[in-house]
Amino acid sequence: MKVLLVNGSPHHEGCTYTALEEVASMLREAGVETEIVWLGVHPLAGCIGCGSCAKEKRCFRDDIVNEFLDKAAEADGFVFGSPVHYAAASGTITSFLDRAFYAGNRRGVFAGKPGAVVASCRRGGASAAFDQLNKYLTISSMPVVSSQYWNQVHGNTPDEVRQDLEGMQTMRTLGRNMAWLLRCIEAGRRAGIDFPQAEPGVRTNFIR
């Protein structure tokens, strides 16, 4: 089993990474392989609604989004982490997730796979960013992994995040819960319990 963790912070090993690594440590302890994907500091274009991913099952912009989607096809679970910018997720991870989920849902790489999100902030805005990020999971038929509190850490530096004892414990609980759910899904498959078959999609436009 493998979980991909996405670091949407411009800081390679900053506060968001510190939170994700705490989650990853519990997954590894449970025998789950992990990989942290850093989105970097270069500009990442947002979705332009061109619809090409519906046909090609990948974004027409051949960048880290498509690299991630190739890995996502083989992954069993996901954790998406972001710093809080103006009480919202970072612009980089928002652009990334808009494109990754549009193309990924057409590929079928997310449905039925556990997902979680993590927000890192200095002081406030974490719950708003947490809510924003969770919407990608709940629109994609993904079991959402919870913890003992909302998945957030506080601090302005990695060392300060490590002093957020409740936040770090929340990350560890999240990692253990993710590992448990992955094992439950695996046991279910062995027992012949498959993910529910989706109905053909119905789209309603609210116009008169």
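Residues numbered from 1 in each chain as written. Predicted model: local features only at pLDDT ≥ 70, side-chain atom pairs only at ≥ 80, totals over all residues. Heavy atoms only, no water.

Quick word on the pattern of salt bridges
The test is simple: Any Lys or Arg side-chain nitrogen located within 4 Å of an Asp or Glu carboxyl oxygen qualifies as a salt bridge. A run of H or I in DSSP counts as a helix once it spans at least four residues, and a run of E counts as a strand once it spans at least two, with each numbered from the N terminus. Exposure classes here rest on a 1.4 Å probe applied to the protein chains alone. A residue is buried below 20% of its type maximum, exposed above 50%, and partly exposed in between.
Scanning all chains against the criterion turns up twelve salt bridges. Residues Lys 71 and Glu 35 are paired through a salt bridge, measuring 2.5 Å at the closest nitrogen-oxygen approach. Of the two residues, Lys 71 sits in helix α3 (residues 64-72) while Glu 35 sits in strand β2 (residues 33-38), which places them 36 residues apart along the sequence. The class for Glu 35 is partly exposed, based on a relative accessible area of 22%. A salt bridge links Asp 62 to Arg 58, with the nearest nitrogen and oxygen atoms 3.6 Å apart. The network of salt bridges with common partners includes Lys 2, Glu 33, Glu 35 and Lys 71.

A short note on the packing of helix α4 (residues 91-107) against helix α5 (residues 126-138)
Heads up, the condition is: To obtain an axis, a line is fitted to C-alpha atoms, over the contacting stretch when the element is a helix, and the angle between two such axes runs from 0 to 180 degrees between their N-to-C directions. Oblique is the label for every angle not falling under 35 degrees (roughly parallel), over 145 degrees (roughly antiparallel), or within 65 to 115 degrees (roughly perpendicular). The contact criterion used throughout is that any non-hydrogen atoms of two residues lie within 4.5 Å. Note on residue categories: nonpolar means Ala, Val, Leu, Ile, Met, Phe, Trp, Tyr, Cys or Pro, charged means Asp, Glu, Lys or Arg, and polar means any other residue, Gly included.
Contact pair α4 / α5: the axes reach a minimum separation of 11 Å and the direction vectors enclose 10°. One way to sum up the angle between α4 and α5 is to call them roughly parallel. Packed against α4, whose contacting residues are Ile 93, Thr 94, Leu 97, Asp 98 and Phe 101, the element α5 presents Gln 132, Leu 133, Tyr 136 and Leu 137 at the interface. Grouping the constituent residues of the contact of α4 with α5 by class yields six nonpolar, two polar and one charged.

Digging into the packing of aromatic side chains
As a reminder of what qualifies: For Phe, Tyr and Trp, where Trp contributes only its six-membered ring, two rings pair if their centres lie within 6.5 Å, and the inter-plane angle classes them as stacked under 30 degrees, edge-to-face over 60, or tilted in between.
In this structure the tally under the stated criterion is ten aromatic pairs. Taking the centre distance of 5.1 Å and the plane angle of 70° together, the rings of Phe 68 and Phe 96 count as edge-to-face. Taken together, the residues Phe 68 in helix α3 and Phe 96 in helix α4 connect sequence positions 28 residues apart. Given a relative accessible area of 2%, Phe 68 falls into the buried group. Residue Phe 96 is classed as buried on the basis of its relative accessible area of 0%. Consider the rings of Phe 101 and Tyr 136, whose centres lie 5.6 Å apart with planes at 45°: the pair is tilted. Taken together, the residues span a long stretch of sequence, with Phe 101 in helix α4 and Tyr 136 in helix α5 at a distance of 35 residues. Side by side, Phe 101 and Tyr 136 carry an identical accessibility label, which is buried. By the ring-pair criterion, three or more aromatic residues cluster together here, those being Phe 68, Phe 78, Phe 80, Phe 96, Phe 101, Phe 110 and Tyr 136.

Let's talk about the nonpolar core
This is how it is decided: Within this scheme, the nonpolar core is defined by two criteria: the residues are buried Ala, Val, Leu, Ile, Met, Phe, Trp, Tyr or Cys, and they are joined through side-chain atoms within 4.5 Å.
Formed by 29 residues in total, the largest nonpolar core has its most connected members in Phe 68, Phe 78, Phe 80, Phe 96 and Phe 110. If you list the elements that add at least two residues to this core, you get β1 (2-7), α3, β3 (77-85), α4 and α5. Considering every element that reaches this core, the biggest residue donor is α4, with six residues. Look past the residues within four positions of Phe 96 in its chain and what remains in contact with it is Val 6, Leu 39, Leu 44, Ile 64, Val 65, Phe 68 and Phe 80. With 22 residues, the next largest nonpolar core counts Leu 27, Ala 116, Val 145 and Val 161 among its residues.

Quick look at the pairing of β2
Definition in use: Strand pairing requires that DSSP identify at least two bridges connecting the strands. Orient the strands so they point away from the viewer, and a crossover whose first-strand-to-second-strand path over the helix runs clockwise is right-handed.
In the sheet, β1 pairs with β2 via six bridges, with the strands oriented parallel. Directly across from Lys 2, in β2, lies its bridge partner Glu 33. Remark: the β1/helix α1 (residues 15-29)/β2 crossover connection has right-handed handedness.

Description of the packing of α3 against α4
Where we set the bar: The sense of a crossing depends on the near helix, which, turned anticlockwise from the far helix by less than a right angle, makes the crossing left-handed and, turned clockwise, makes it right-handed.
The geometry of α3 relative to α4 is characterised by a closest axis approach of 10 Å and an angle of 40° between their N-to-C directions. For the element pair α3 / α4, the angle class is oblique. Here the hand of the crossing between α3 and α4 comes out right-handed. Contacts between α3 and α4 pair Ile 64, Val 65, Phe 68, Leu 69 and Asp 70 from the former with Phe 96, Arg 99, Ala 100, Ala 103, Gly 104 and Arg 107 from the latter.

A closer look at the environment of Val 109
Looking at the element boundaries, Val 109 is found in the loop between α4 and β5 (115-121). When its relative accessible area of 3% is taken as the criterion, Val 109 is described as buried. Aside from chain neighbours lying at most four places away, what touches Val 109 is Leu 69, Ala 72, Ala 73, Phe 78 and Gly 104.

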